[in-house]
Every structure is written in C-alpha cells, then in structure tokens.
Amino acid sequence: MRIKIFTTFITLFAIGLFIINNHTQAQGREDNLVDYIKPVIGTQGEGNVFPGPVAPHGMVQLGPDTDKRSWETASGYEYGDSVIIGFSMQHLSGTGIPDLGDFLIMPSIGKLKFTSGTVAQKMPDGETHFYQNPDSGYCTPYFHKDEIIKAGYYSVRLPEHNVLVELAATERAGILKFTFPKSDSANIMMDLAHVLQWKVVWSNIRCENKTLITGFHLVNGWAKERYLYFAAKYSRPYDDFGIISGGKLSYYNTYRFRSRYESAGANLQYYTRYSTKDNEVIMVKIGISGVSTANALKNLDAEIPGWDFDKVVKDTRAKWNAEMQKIQIEGSKDEKETFYTSLYHALLVPNIYEDVNGEYRGFDQNIHQAKGFNNYAIFSLWDTYRAEHPLFTLIQPKRDADMINSMLAHYDQSVDHLLPVWSLNNNETWCMIGYHSVPVIADAIMKGVKGFDYQRAYLAAKTTAMNPDYDAVKEYSEIGYVPFNHENESVSKTLEYAFDDYCIAQMAKKLGKKDDYNIFMKRAMSYKNLFDPSSKLMRGKDSNGNWREPFDPHGYIDDMSKRDITEGTNWQYTWYVPQDVQGLINLMGGKEYFAAKLDTLFLEKKSEDIAQGTSDILGRIGEYWHGNEPSHHIAFLYDYAGQPWKTQELVRRIVTSFYGNKSNSLCGNDDCGQMSAWFLFNTMGFYPVAPGSNYYVIGTPCAKKVTMKLGNGKTFTTIAKNYSKENIYIQSVTLNGKKWNKTFIPNDAVAGGGELVFVLGDKPNKSWGTAEDSIPPSISGVSK
C-alpha cells in the first residue's frame, strides 16, 4: 500500500513538473517576442525595407548594400541581388526613393579595390541600367544560406574572401565584427563616396591614431545638404593605412607640409591593413553624428564603451523585446512572425536625430540643443499620418509628443515658417503633397496627448495652411479648389488640403477659436467643388471653372507636370473625403448608388494593365491598389453606406493576400511603417479612417486575440470568437460586456481600456451595424 501511495505521489509530482515546465517554456516564448521578428520580410520586391540591425527608432541602421543605383532598391538591399557592395551605417525603411547608405565598410583579402563595381549599361530603349560586377570593383558574391538575419543582429560569410561579417547596432553607433582567415593582407576599407543614388560633394578623413579614424561627408541628394560625421575605433592597431582618392594615395598637401594622415575631397576612401592569424577577429565600432566628429565620438563611447559585441546584440534585442510587449497576439507561428515584424517596421521610423548631449543640426543648418524633448527626423508624413502616428498616440504617446516637438522645431527653423512635409534628417525633400504634419498634430491634440504646447502647435498648423507660396494654397483658399492649369496634381491637392483643413478646424474648435473653426470647416468642404455630377467622380477643373478635357478616369499619367492625380487615378482619389463620407454619399445620390459605385472600383480591371509608373504599386483588387496609401481607407467606406459585411470581406482578403512572413510578403513600399501600421490596426478589427476625428472604423478582426498595452498604463483587448479562415463576418460585438451595434468605436473607449469582443461567422449578418445610428460620423451627418 505504501509503495502504491509513493508511486502515485511520484507520478503526480512528475505530471506537475511537466505542466510547470511546459508553462515556463510557453511563458519564455511569450517573453521573448523578439524571436518572432523577421527583418527579411519585405526585402524582396516592393517592400524596400532593410535587414540590418537597428535599435527602436535608432539613428544608425547598419546593414548590407546590394545596389546603390536602382530606385527599386531604395533601402540599399534587395533579396534577389547576388552581390554585396558593403555594409553602410544608415538606411531608409520602405521608401520609394533611395538615399543614405553612408560610410560603407568592406572587408577583403588580398588586392584592394576602391570602386564598388557598379557598371552602367545602355539599353536598346535608351534607358541606362546599372548592375554590379565583382570583377571591376570591391562588391562580392554572397548566398542567403550564409546569412543570419534577426532583430538586432545580421551576419553573412563572404565566400570570395572567406570572411565572416557580423553586425550589431545601438541608437547612435554600430559595431562590425570581422573574422578573417590567415593572411598577410587582411583589409578593412571605408568608402566615404558611397551613398545610395545620390552624390557626395565633399568629405574629410583624419587618422587620429592607429585605432581611431574620424571624418565626415556632405551629400547633395534627396536631402539637398546633408552633413554626417563619424568616429571609427578599431580593436587592434593597423599594420598599414592609406587614404585614397581616384584610386591613388591621397595626401593633405601644402607648399610646406604633406600629411598621409588627413585628406579632403569629393571621392575619398581609406583602408587599414593587417596580418592576421586564422579565425582572427578584428572589430570596428562607429559612432555617427549630424553635428561633429567630437559628438560622433561621444555617441560611440557612451553607447559602445567596450568591445563586447554580444552585449550590444543582447541589449538591442532586449529593447526590441520590450517594444513587442506593447501589443501581443494569439495565433500561429506564421501569424506571430507577420504581426511582430509589422510592429518592428512601424517602430523603426521616425529616427532619433540628436546626440547623447542633446545637440542636433537643425533645418537652418545651425547646431541646436533639444530642450525638454528628444529630437526626431525622417517624417514620411503623406504616408504615416494615416495609421502609424495614430498608433503612436495609443502605445507610445511620449514619443509621439517628442516627434511633434521635433516638427515644431523644424517650423521654428524654417525661414518660411512651414511644418515639415517630408523631412529627411535636417532637410526638407518637398516630396508628396498636402500639409500632413497637421493631422498628426490634430490627432494628438484631440486625443489629449501631453508633452507639447497645443497653442504653439495650432499656430504652426494654421500658418502652414495659409502660406501663399505653397503649392497653390492661395488660389485654393480663394476659389475653393486648385486649378489644373496653374498647378499639377490639382485634384489630389484639393482633396488632401480639404482633409488637413478639417483637422485644423477640429483643433480650433477644441481650443475655442470659433472664427478659425468656421473658416477651416468651409475649406474642408472644398472637395465638393471638384465633384463632377456627370461622371460622379472627382475631376480636374481649370481657373475658369471648365472641366478637364479629355477625361480618362482610369488613366495613370506618369508625367507629374501633366497629371491631376498623385500616384493614382481619378477613380481611386474620388473616395478621398475621409472627413465627410456622408457628404460624398449625398453627392453620388445616396447609399445604394455609392455602394454600387464602390463595388465597381474593386471589380474594375482596366487599371490592372497599367504598367508605366506603377511597377512598385501592387496589392491590386480591381482598381484598388493596397500597395499605395491613397487606397488605405477605401475598404472601410462600406460601413458608411450601411453594408459593413463588404468591408469585413475586403479587410480579411487584403490581410491574407497582401501580408505574410516571407521576404516578398509586402505588396508595396512599407513607407516608413505605414503599410505595417495598417496591418496592425486591422488585426485588432478597426482602423483610423479620419485621424483627428477621434474615432476608428470597424473592419473585422484578423487575429484571435490582441492585447494592446496603452501608453497611459491601461490595456485594451480585442477577442475574435469563432476565428477561422472561413469566419470573416461579424455576427455581433460587445464592448466591455455591453452590446455594440455601431461600425465605429470612439478613441475614448479604446484609450480608457477594456475589451472588445467580436463573434464571427461564415455568412454576413446584415442586421449588424446597418442601423442609422450605427454609421460612422461625418461632417454631413448620416442619411435620414
């Protein structure tokens, strides 16, 4: 009997240990959400993201470059390329235009080469194509089987040289670890003339001693005047050193003195050479700064004080793990990889743009001190105002306030007193249209984000929107639209100005500025002036009030100077009235006609054959192009027409068709995180159709359960009961245990914390979300 009892006890004890161990392992996996990040997602095709190590919102994005001339490789790396040029310190994430790629480092064995091997080839159609030829430069073949790509870590073996390259990064510095074979000529070369696409106009190199080299370059590119400084420390003294210009040794040369330790010019490289033992490790750690080499050295010493490469990897991965805890999902491994990589991409940009002492180079090219905020740069606002910044207000409001303070600093430093449009470090690129700093500021003010001066921010928004020299704003404000005979992309500009003006009106109302509210609400209705009753589409109009002739509503015009639409067609941009969808419904003749016309957009096939100018815009369902931002809100418009089941069907189709966990799983440029932010919101089942309105429009949940830890310390959870591939339609919804029949949810309900529960089924419930009081708000109310 005692033996039986003892045996039973041992069995139960073992079972208990098994349960505890399994729970611990599961908990460990959830605690290490960083393991689900796959930076390789989006590196093939049109995603244009980079695979290298970076800290959250880090100023350093250290990684491999495989092409420096192609617009299709804007981040520097394309998964389909077969050679690596080298490893540079900065990269853009998901943009359609290349830049950065600063301070490229390349290890090698044997004879040194100082040009990349980029070869120009004239094609029969007159186009010049560039390709990489290892025989003519320092680029070298590589294989994906030799790569390891993880958050905070990248490695690759270069077979031509038998060198293992490992990379890690902090916010302002990076460390490169090279494992060399035995050689009398192991080289580490830096090319200061290397940038992506553009041109270095001046640079300087100083060899301070045998383990410290400093320098800078000035780049004239997408950002017209971009200074960047570096300080590079080496883990062992070099055996030989030289500065190269035009393939020859370069010197600082005066009539009295010549130095081989300093040189200046537009085309500079330098090398350090070593005699190495087999498997000898040599490391280089590099700090960067927009201010000075002294600050670059301060950044380096503060963030990577020693030579513990593994610690840098561990610390940066811990930072990413902490960021991943902000939103957690239940799902399969594939679903988690897609989700957490999307969150990773959304938290790459904007980038911190100040040194450890708070100094940064401003828009006026002077050196400023960030007081009371952290300065950020790279604002792809035409993209990120839509979903990324609204996400920031929920999960990182402190950073969002810092970003707004950075925009206000840009405004103060602007001689024309303009908020940023598409700023790149301390420069303005003037890329894209609208004044979309405004909805970012308005969304934060309407949601009560603290940490910036509302009155100052409002004045900056109003002043920007009334600048008479910006893209026909003066004429727009006088006649109610942008005329196509005076300004290109006139339809898109009119529609986007109108939305931005709506955002200013919402701020004015909250701040008690009644006269301003009335002025900007009138401007917010300007979309009506370009609505053509005959085609029931938005259409260009000249300064005399005549419609554009001839009119091809499906035509995509590649020549920017001759088109009325920005990166799209009239059919697509007609739906860009997020502030007053009901007003657009009224113009079209009611909800039934509106929904039928919207059906046609998703069925229209003509635009699928359009190739010119749209090769990087995929994710197409008819004339809906998910690969570009103007389409991102359109699927949700069925909610306003009382047919929410169509929104539910489209959202699930977009999520399952155009996102995933493979290298080619992004259907368009990630655009500094906007494509990813769209996905994140839709896993939770709602989306900010009109930032600044203080509500979200419900789609359908695309994950079993999502728990969002809000910046205010509260938690908001969405649960999808009966979640499956087939069950895409909402049968019912409860909010904090109470029945919820609306197709929108106020921000206060989300920010207040709680639980949104969806019950899903495989057939539409056409009684849910279709009542008059279920329709999302608009300026014009809802149909009676």
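*Asks:* Please explain the state of the cysteines as it appears in this structure.
*Replies:* In a disulfide, the sulfur atoms of two cysteines are held together by a covalent bond. Inspection of the entire model under this criterion finds 0 disulfides. You can see C672 has no disulfide; the closest cysteine sulfur is in C431, sitting 10 Å from it.

*Asks:* So what exactly am I meant to see when it comes to the packing of aromatic side chains here?
*Replies:* Here a ring pair, both rings aromatic, is described through the centre-centre distance and the interplanar angle of the planes. Applying the stated criterion across every chain, the model contains 39 aromatic pairs. Residues Y556 and W625 carry aromatic rings whose centres are separated by 6.1 Å and whose planes lie at 40° to one another, so their mutual orientation is tilted. Of this pair, Y556 sits in the loop between strand 32 (537-538) and helix 13 (570-573) while W625 sits in strand 34 (residues 624-625), and the two are 69 residues apart along the sequence. Like W625, Y556 is buried. Ring pairs connect the aromatic residues F636, Y659, W678, F679, F681, F686, Y687, Y696 and F716, which therefore count as one cluster. Between R258 and the ring centre of Y251, over which it is positioned, the NZ or CZ distance is 4.5 Å. A cation sits over an aromatic face here: R361 above Y227, 4.4 Å from the ring centre.

*Asks:* I would appreciate a short explanation of the sheet that holds strand 10 (residues 163-169) in the present structure.
*Replies:* Each strand in a sheet pairs with its neighbour through backbone hydrogen bonds, running either in the same direction (parallel) or in the opposite one (antiparallel). A sheet is described by the order of its strands in space; here 9 strands give the open sequence 8-9-10-11-22-15-14-13-20, paired in antiparallel fashion. With partners counted over all chains shown, the strands left at the sheet margins are strand 8 (147-150) and strand 20 (262-265), one partner each. Taking each pair of neighbouring strands and ignoring which way they run, the sheet shows an average axis angle of 15°. With 6 bridges joining them, strand 10 and strand 11 (residues 173-180) adopt antiparallel strand pairing. The partner of L167 across the bridge, within strand 11, is L176. Against the sheet, helix 2 (residues 293-303) contacts strand 11, strand 14 (212-220), strand 15 (226-234) and strand 22 (280-289), and its axis sits at roughly 50° relative to strand 15. Across the sheet, helix 3 (residues 309-324) touches strand 8, strand 9 (153-158), strand 10, strand 11 and strand 22, and the angle it forms with strand 10 is around 45°.

*Asks:* Would you mind showing me how to read the sheet that holds strand 42 (residues 754-761) here?
*Replies:* Taken together, the 6 strands give an open sheet; going across it, the order is 23-37-38-42-39-40, and neighbouring strands pair in mixed fashion. Looking at strand neighbours, the two that pair on one side only are strand 23 (327-330) and strand 40 (738-739), the edges of this open sheet. Inspection of the sheet shows strand 23 paired to strand 37 (residues 705-709) by 4 bridges, in the antiparallel sense. Across the sheet, the residue bridging to I329 is V706, located in strand 37.

*Asks:* Where do I start with the pairing of strand 36 (residues 695-698) in this structure?
*Replies:* Side chains on a regular strand alternate between the two faces of the sheet. The side-chain alternation of strand 36 yields two buried faces, one formed by Y695 and V697 and the other by Y696 and I698. As paired elements, strand 35 (residues 686-687) and strand 36 share 2 bridges and run antiparallel to each other. By the bridge assignment for strand 36, Y687 is matched with V697. Looking at chain direction, strand 36 and strand 41 (residues 744-746) are connected through 3 bridges and run antiparallel. Looking across to strand 41, one finds that Y695 is bridged to P746.

*Asks:* I'm lost on unusual backbone geometry in this one. Help?
*Replies:* Leaving glycine aside, a negative phi is the common case for residues, and trans is the common case for peptide bonds. For the bond running from V349 to P350, omega is -5°, close enough to zero to count as cis. With respect to the secondary-structure elements, P350 resides in the loop between helix 4 (333-346) and strand 24 (351-352). Its identity as a non-glycine residue notwithstanding, N722 has a phi of 65°, on the positive side. Within the secondary structure, N722 is located in the loop between strand 38 (715-721) and strand 39 (729-735). The partly exposed category is assigned to N722, whose relative accessible area is 47%.

*Asks:* Explanation requested: empty space enclosed by the protein in the structure shown.
*Replies:* To find leftover empty space, one rolls a probe the size of a water molecule over the atoms. A complete count under the given rule lists 6 cavities of 30 Å³ or more for this structure. Taken as a whole, the largest cavity encloses approximately 130 Å³ of empty space. N375, Y376, S406, H410 and N425 are, among the 19 residues lining the largest cavity, the residues nearest its centre. Elements with a contribution of two residues or more to the lining of the largest cavity: strand 25 (359-361), strand 27 (376-377) and helix 7 (397-413). With 5 residues, the single largest contributor to the lining of the largest cavity is helix 7. When its residues are assigned to classes, the lining of the largest cavity shows 10 nonpolar, 8 polar and 1 charged. In this structure, the second largest cavity occupies an estimated 80 Å³ of space. Lining the second largest cavity, in full, are Y385, R386, F499, Y576, P578, E629, H632, H633, Y687, P688, V689 and P691. Split by residue class, the lining of the second largest cavity holds 8 nonpolar, 2 polar and 2 charged.

Parameters and conventions
Residues numbered from 1 in each chain as written. Predicted model: local features only at pLDDT ≥ 70, side-chain atom pairs only at ≥ 80, totals over all residues. Heavy atoms only, no water. Disulfide = S-S within 2.5 Å. Phe/Tyr/Trp six-rings, centres within 6.5 Å; stacked < 30°, edge-to-face > 60°. Helix = DSSP H or I, 4+ residues; strand = E, 2+ residues; numbered from the N terminus. Buried < 20%, exposed > 50% of the residue type's maximum accessible area, 1.4 Å probe, protein only. Lys NZ or Arg CZ within 6 Å of the ring centre and 35° of its normal. Pairing = 2+ DSSP bridges. Axes fitted to C-alpha atoms, helices over the stretch in contact; angles between N-to-C directions. Contact = heavy atoms within 4.5 Å. 1 Å grid on protein atoms, 1.4 Å probe; cavity = no way out; pocket = protein on both sides within 12 Å on 5 of 7 lines; lining within 4 Å. Points joined across faces, edges and corners; volume = space filled by probe spheres on them. Nonpolar A, V, L, I, M, F, W, Y, C, P; charged D, E, K, R; others polar.

No statement about biological role is implied by the geometric values presented.
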